[in-house]
Amino acid sequence: METTINEIADGVFRLSTFVPDANIMFNQFVVEAEQPLLFHTGPRGLFPLVSEAVARVVPLDELRWITFGHVEADECGAMNRFLAAAPDATVAHGAIACIVQVNDLADRTPHPLADGEVVDLGGRQVRNIDTPHIPHGWDAHVIYEEQTRTLFCGDLFTRFGESEPTTTADIVEAALAAESFGAPTALTTTTASTIRQLSQLDIATLALMHGPAYQGDCSKALLELAEGYALLCDPA
Ligand SMILES: [Fe+2]
Ligand SMILES: [Fe+2]
């Protein structure tokens, strides 16, 4: 296996490792700034590959922020290994998530993010948007990078297989097809409406965790995904 690096927006780097046994890719993102941010750590088993790739973008000990879409092995399994390698780094996650998960799981006290909170990385800002139960647990959130208009949308639009670093081709069909494998998305009464709210952001790039970075009509893709989930919830 190897981890590839692509700059998908100005100062936003996508690190991607395809795992053949699982037939899925695991992506992390590094945001260059005075206070560099890592979104997703990858699972513990990928730490040697992912940390080496991060270090090609920014020295590990200069990482300042570590965050991830939700608490799950592929999103944050290597969190404590990164905390050990980056002494000045702080984990940032949703406030509720910190109470129920990260305060206990992380080796250093995390920073609880309020819904809508903006973190100044120095030269660029990222905004926290809580998205409870999207895709799974109540701790879920996404991060919007305001300068490049990149939405780090975690497991939204998850697909299987390998894909190119960026695309403008449809990402909705593959995402809805992936629901047949274990129903990964928690379909609730607020799933579609929360995703429709995300579609109102001015998004240039949807940074997928398991798939290509999408640089087509992002609002339309989110609306179509919301519609697809609404139909799965209520086929009638
Ligand atoms: Fe997940
Ligand atoms: Fe994931």
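Preceding this section is the structure that the text describes.
All figures in this text were calculated on a predicted structure; none of them were measured in a lab.

Cut-offs applied
Here the residue numbers are simple positions, counted from 1 along each chain's written sequence. In the order they appear in the text, chains get letters beginning with A and ligands get numbers beginning with 1. The predicted nature of this model means local features are confined to residues of pLDDT at least 70 and side-chain atom pairs, given and counted, to a pLDDT of 80 or more, with totals for whole chains, interfaces and linings taken over all residues. Excluded from the side-chain calculations are hydrogens and water; all other atoms, namely the structure's heavy atoms, are used. The nonpolar core is taken to be a set of buried Ala, Val, Leu, Ile, Met, Phe, Trp, Tyr and Cys residues, with the residues joined through side-chain atoms within 4.5 Å. For the exposure calls, accessible area comes from a 1.4 Å probe over protein chains only, and a residue counts as buried if that area is under 20% of its type's maximum, exposed if over 50%, partly exposed in between. Runs of H or I in DSSP of at least four residues are treated as helices and runs of E of at least two as strands, each being numbered from the N terminus. Each metal's donors comprise the N, O and S atoms found within 2.8 Å of it (within 3.2 Å for Na, K or Ca). Water is not part of the atom list, so some coordination spheres may appear incomplete. Within this document, salt bridges are pairs made up of a side-chain nitrogen of Lys or Arg and a carboxyl oxygen of Asp or Glu, the two lying within 4 Å of each other. The contact criterion used is simple: two residues touch if any of their non-hydrogen atoms lie within 4.5 Å.

Colleague: Could you give me a rundown of the nonpolar core, with the residues and numbers involved?
Modeller: Val-30, Val-54, Leu-63, Met-79 and Phe-82 are the most contacted members of the largest nonpolar core, which has 30 residues in total. Elements supplying a minimum of two residues to this core: β2 (12-19), β3 (24-31), α1 (47-57), α3 (79-85) and α4 (95-105). For this core, the element with the most residues is α1, which contributes five residues. Grouped together as the second largest cluster of nonpolar side chains are 25 residues, Ile-129, Cys-153, Leu-208 and Ala-221 included.

Colleague: Go over the coordination of the iron ion (ligand 1) with me, naming the residues and quoting the values.
Modeller: Summarising the metal site, the iron ion (ligand 1) is bound by the protein donors His-70 (NE2), Glu-72 (OE), His-136 (NE2) and Asp-155 (OD), whose distances to it range over 1.9 to 2.2 Å. Between the two metal centres, the iron ion (ligand 1) and the iron ion (ligand 2), the spacing is 3.6 Å, with Asp-155 acting as a shared donor. On the criterion of sequence distance, the pair formed by His-70 in the loop between β5 (65-67) and α2 (73-76) and His-136 in the loop between β9 (125-130) and β10 (141-145) is long-range, its members being 66 residues apart. Given a relative accessible area of 2%, His-70 falls into the buried group.

Colleague: Quick rundown of unusual backbone geometry? Include the residues and the values.
Modeller: In this structure, the amide linkage connecting Ile-134 to the following residue, Pro-135, adopts the cis form with an omega of 10°. Note that Pro-135 resides in the loop between β9 and β10. In this structure, His-133 is a non-glycine residue whose phi angle is positive, near 70°. As for its placement among the helices and strands, His-133 is situated in the loop between β9 and β10. For Arg-149, which is not glycine, the phi torsion reads 55° and is therefore positive. Counting through the fold element by element, Arg-149 comes out in the loop between β10 and β11 (150-154).

Colleague: Any chance you could break down the pattern of salt bridges for me, citing the residues and the numbers?
Modeller: This model, assessed by the stated rule, comprises six salt bridges. Across the pair Glu-52 and Arg-56 runs a salt bridge, and its minimum N-O distance is 3.1 Å. With Glu-52 and Arg-56 both in helix α1 and four residues apart, this pair spans about one turn of that helix. Glu-52 sits in the partly exposed class, given a relative accessible area of 42%. Residue Arg-149 pairs with Asp-202 through a salt bridge whose shortest N-O separation is 3.0 Å. Of this pair, Arg-149 sits in the loop between β10 and β11 while Asp-202 sits in the loop between α6 (191-198) and β13 (205-208); the two residues are 53 residues apart in sequence, bridging distant segments of the chain. On the accessibility criterion, Arg-149 (32% relative accessible area) is partly exposed.

Colleague: A description of the coordination of the iron ion (ligand 2) should follow, citing residues and the corresponding values.
Modeller: In the first shell of the iron ion (ligand 2), the protein supplies Asp-74 (OD), Glu-75 (OE), Asp-155 (OD), Met-209 (SD) and His-210 (NE2), at 2.1 to 2.7 Å from the metal. Here the donor residues for the iron ion (ligand 2) map to a single chain with the spacing D-E-x79-D-x53-M-H.

Colleague: Tell me about the environment of Val-31, and please be specific about residues and values.
Modeller: Relative to the helices and strands, Val-31 resides in strand β3. A relative accessible area of 0% places Val-31 in the buried class. Taking the C-alpha atoms as reference points, Val-31 and Leu-63, separated by 32 residues in sequence, lie 9.7 Å from one another. Val-31 has contacts with Gly-11, Pro-36, Leu-37, Leu-121, Arg-124, Glu-145 and Phe-152, leaving out every residue within four places of it along the chain.

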